[in-house]
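# Understanding the architecture of this molecule
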Amino acid sequence: MRRRLGCAGGQQGTSALARLDVCKKRHKYIWIMRILFASSVLNLTELIALRPDLGKLKKILYFHENQLVYPVKKCQERDFQYGYNQILSCLVADVVVFNSVFNMQSFLTSIGRFMKLIPDHRPKDLESIIRPKCQVIYFPIRFPDVSRFMPKHKMAHLQKMLSLRGDSSAASSMALPLPPEQGSSENMLDNVESQSGPCDAAQPENLGSSLMKESYLKMRDSLDNSSSHPGEKKQNPNDISSGADDQQRPLHIVWPHRWEHDKDPESFFKVLMHLKDLGLDFHVSVLGETFTDVPDIFSESKKALGSSVLHWGYLTSKDDYFHVLCLADVVISTAKHEFFGVAMLEAVYCGCYPLCPKDLVYPEIFPAEYLYSTPEQLSKRLQNFCKRPDIIRKHLYKGDMNPFSWAALHGKFRSLLTTEPREDL
């Protein structure tokens, strides 16, 4: 049996020393190893210099992100060193794999410009040396079973997702008749500003935690406090059957990203505050991890958004996280820095309508319908969705999720991590 040494980096400046310590502890196994699989965070050049015997292995470098185009707030000397380390690691590696075409192209085409930061004795033709080693294999996502979290209006979407994964038996067993208006929902979406209609609410099923119950109570309260036309009977929030009155429950927007500047939370919250100024009703869930420095805009926006907030902060339970995604209607990205975007794809898998910048990796992954060019365009789309959330809930995603699933990609990774024995090992 072949063993493989996975050297995923920690801190860029010291990751090689950290991996050296691991390699020392596993020294007796080195002779039967064939492949060294490393993250681009690792300084592969330093590791090979510290352990020359590892240089005989097939060295694979996997890029989740690259430092040559990272949007730093204030350029420092260490920022150059991070990018320089990645270039050197590519020169040492035998195979360089990127998680998207955008990641690969932005890295390779930025090498020449980046190296001009060196005052003199600049190496030439580095791109032409590195490019032949490069290939793209998308990051493989294991999409979970979320059927127990899906509200009824998303069951048609779930059937489509299961069929894309090749799980036809599960898809057929979950088959539900589509509402009569399903076929015309796309035209309605195009003309959403001129539409008006009655209202409805659907209760999420299988509320498995106190967090979910609290969120549903907020949704129920918003229904109880909403106005109705004279003689019109309010929709019972305990009635989860789909009907013609799906507008009364406010649009649920989710933002599932790291709380850092490169995700541009300022633009996101500016758009939400504009929606509030216009008197539009919506709910928002702001998820994602926080680190040492949390931008002030988060605490300020939480206070300003008030009762519109359903969830705020990182959810440690995966079930809770996917449950929120299944209950949401629209997922937003305002990122200035994105090379793949697992959170957006997970949200789309859970039935959210994506709205992403027409930039970075997004045009590679999402059809043009789901892209916006300016914050003003994003705001306009959300204004329309707030007015007719029922139409968004009938929408079936037009893209293909299958290329990003582990089911579709595991064969490529198996081939990547296979090598013929070498006589000198």
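Model, not experiment: these values are computed from the prediction. (Residues numbered from 1 in each chain as written. Predicted model: local features only at pLDDT ≥ 70, side-chain atom pairs only at ≥ 80, totals over all residues. Heavy atoms only, no water.)

## Some remarks on the overall build of the chain
Note the cut-off: By the criteria applied, helices consist of DSSP H or I runs no shorter than four residues and strands consist of E runs no shorter than two, each listed in order from the N terminus. Whether a residue is buried, partly exposed or exposed follows from its accessible area with a 1.4 Å probe, protein chains only, as a fraction of its type maximum: under 20%, in between, or over 50%, in that order. Per-residue and other accessible areas follow the Shrake-Rupley method at a 1.4 Å probe size, with only the shown protein chains counted as cover for residues.
When you go through the chain residue by residue, the secondary structure sums to 18 helices and 11 strands. Burial status across the chain gives 49% buried among its 425 residues. Roughly 20500 Å² of accessible area belongs to the chain as shown, and the carbon and sulfur atoms make up 51% of that amount.

## Points about the packing of aromatic side chains
Counted only if it meets this: Ring pairs shown here join Phe, Tyr and Trp side chains whose ring centres sit within 6.5 Å, with only the six-membered ring taken for Trp; geometry is labelled stacked below 30 degrees between planes, edge-to-face above 60, and tilted in between.
Taken as a whole and judged by the stated rule, the model has 27 aromatic pairs. Between Phe-143 and Tyr-349 the ring centres are 4.6 Å apart and the planes differ by 20°, which places this aromatic pair in the stacked class. Separated by 206 residues along the polypeptide, Phe-143 in the loop between strand S5 (134–136) and helix H7 (155–164) and Tyr-349 in helix H14 (residues 342–349) bring together distant segments of the chain. With respect to burial, Phe-143 and Tyr-349 carry one shared label: buried. Three or more aromatic residues link up through ring pairs in this structure, and these residues are Trp-255, Trp-259, Phe-268, Phe-269, Phe-298 and Trp-312.

## With respect to the nonpolar core
As a reminder, the rule being used: As used in this record, nonpolar core signifies buried Ala, Val, Leu, Ile, Met, Phe, Trp, Tyr and Cys residues forming a set joined through side-chain atoms within 4.5 Å. When checking whether two residues touch, look at their non-hydrogen atoms; a contact exists if any pair is within 4.5 Å.
Ranked by size, the top nonpolar core spans 77 residues in total, and within it Phe-366 and Leu-382 carry the most contacts. Examining the composition of this core, we find that 6 residues originate from one element, H14, more than from any other. Among residues more than four places away in sequence, those in contact with Phe-366 are Met-344, Leu-345, Val-348, Pro-354, Cys-356, Leu-371 and Tyr-397. By size, the runner-up hydrophobic cluster in this structure holds 27 residues, among which are Met-33, Leu-44, Leu-57 and Leu-108.

## Description of the sheet that holds strand S6 (residues 251–256)
Using the following cut-off: At least two DSSP bridges between two strands are required for those strands to pair. Inter-axis angles, ranging from 0 to 180 degrees, are taken between N-to-C directions of lines fitted to C-alpha atoms, where helices are fitted over the stretch in contact.
One open sheet accounts for 6 strands, arranged S8-S7-S6-S9-S10-S11; its pairing is parallel. The sheet is open, and its two edges are formed by strand S8 (309–312) and strand S11 (371–372), each paired on a single side. One ladder, built from 3 bridges, connects strand S9 (residues 330–332) with strand S10 (residues 353–357); its direction is parallel. Bridge assignment links Ile-332 to a residue of S10, and that residue is Leu-355. Each of S6, strand S7 (282–287) and S8 is contacted by helix H12 (residues 297–305), which is oriented at about 155° to S8, the strand it contacts most. Strand contacts of helix H16 (residues 375–387): S6, S7, S9, S10 and S11, with the helix running at about 165° to S10, the strand carrying the most contacts.

## Observations regarding helix H13 (residues 318–327)
The cut-off we apply is this: Polar contacts here mean pairs of N or O atoms no more than 3.5 Å apart (in protein, one a potential hydrogen donor and the other a potential acceptor; neighbouring residues in sequence count only if both atoms are side-chain atoms).
Within H13, 8 of the 10 residues are buried, which leaves it mostly tucked inside the rest of the structure. Three or more residues of H13 are buried, namely Asp-320, Tyr-321, Phe-322, His-323, Val-324, Leu-325, Cys-326 and Leu-327. For H13, the N-terminal cap is Ser-317; the gap from its side-chain oxygen to the backbone nitrogen of Asp-319 is 3.3 Å.

## Topic: unusual backbone geometry
Notably, His-121 is not glycine yet its phi reads approximately 50°, a positive angle. Accessibility expressed as a relative area gives 76% for His-121, which makes it exposed. Unusually for a residue other than glycine, Asp-125 sits at a positive phi of about 60°. By the element assignment, Asp-125 lies in the loop between helix H5 (111–115) and helix H6 (126–130). A residue is classified by how much of its surface remains accessible, and Asp-125, at 58% relative accessible area, is exposed.

## Things to note about the pairing of strand S2 (residues 33–39)
When you tally the buried positions in S2, you get 6 out of 7 residues, the bulk of the element. Direction of pairing for S2 relative to strand S3 (residues 58–63): parallel, over a ladder of 5 bridges. Residue pairing across strands places Leu-36 opposite Lys-59, the latter belonging to S3.

## Brief notes about helix H11 (residues 265–277)
Here is the rule: Any helix carries an expected span of 1.5 Å times its number of residues minus one. Taking the helix axis as origin, the arc is that swept by the directions to the C-beta atoms.
Compared with an ideal rise of 1.5 Å per residue, which puts 13 residues at 18 Å, H11 spans 18 Å between its outermost C-alpha atoms and is within 8% of the ideal. Turning to H11, its buried residues number three or more, namely Pro-265, Phe-268, Phe-269, Val-271, Leu-272 and Leu-275. Seen along its axis, H11 keeps its buried residues to an arc of 155°; they face one direction. Those residues of H11 that are exposed and angled more than 90 degrees off the buried face are Lys-270 and Asp-277.

## Quick word on the pattern of salt bridges
To be explicit about the condition: Salt bridges are identified by distance alone: a Lys or Arg side-chain nitrogen within 4 Å of an Asp or Glu carboxyl oxygen.
In this structure the tally under the stated criterion is 10 salt bridges. Where Glu-338 meets Lys-263, a salt bridge forms, and the shortest distance between an N and an O atom there is 2.8 Å. Remark: Lys-263 occurs in the loop between S6 and H11 and Glu-338 occurs in the loop between S9 and H14; sequence separation between them is 75 residues. Residue Glu-338 shares its accessibility class with Lys-263, and that shared class is buried.

## Let's talk about the packing of H11 against H16
Here is the rule: Roughly parallel refers to an angle under 35 degrees, roughly antiparallel to one over 145, roughly perpendicular to one between 65 and 115, and oblique to any angle outside these ranges. Note: crossing handedness is left-handed where the near helix turns anticlockwise from the far helix by less than a right angle, and right-handed where it turns clockwise.
Viewed as axis vectors pointing N to C, H11 and H16 meet at an angle of 45°, and their least axial separation amounts to 10 Å. Classed by the angle they form, the pair H11 and H16 counts as oblique. Here H11 runs over H16; the crossing is right-handed. Taken together, the residues of H16 that come into contact with H11 (itself represented by Val-271, His-274 and Leu-275) are Pro-375, Leu-378, Ser-379, Leu-382, Gln-383 and Cys-386.

## Points about the environment of Leu-91
Tracing the backbone through its elements, the reader meets Leu-91 in helix H3 (residues 77–92). Sequence-wise, Leu-91 and Thr-45 are 46 residues apart; in three dimensions their C-alpha atoms are separated by 8.4 Å.

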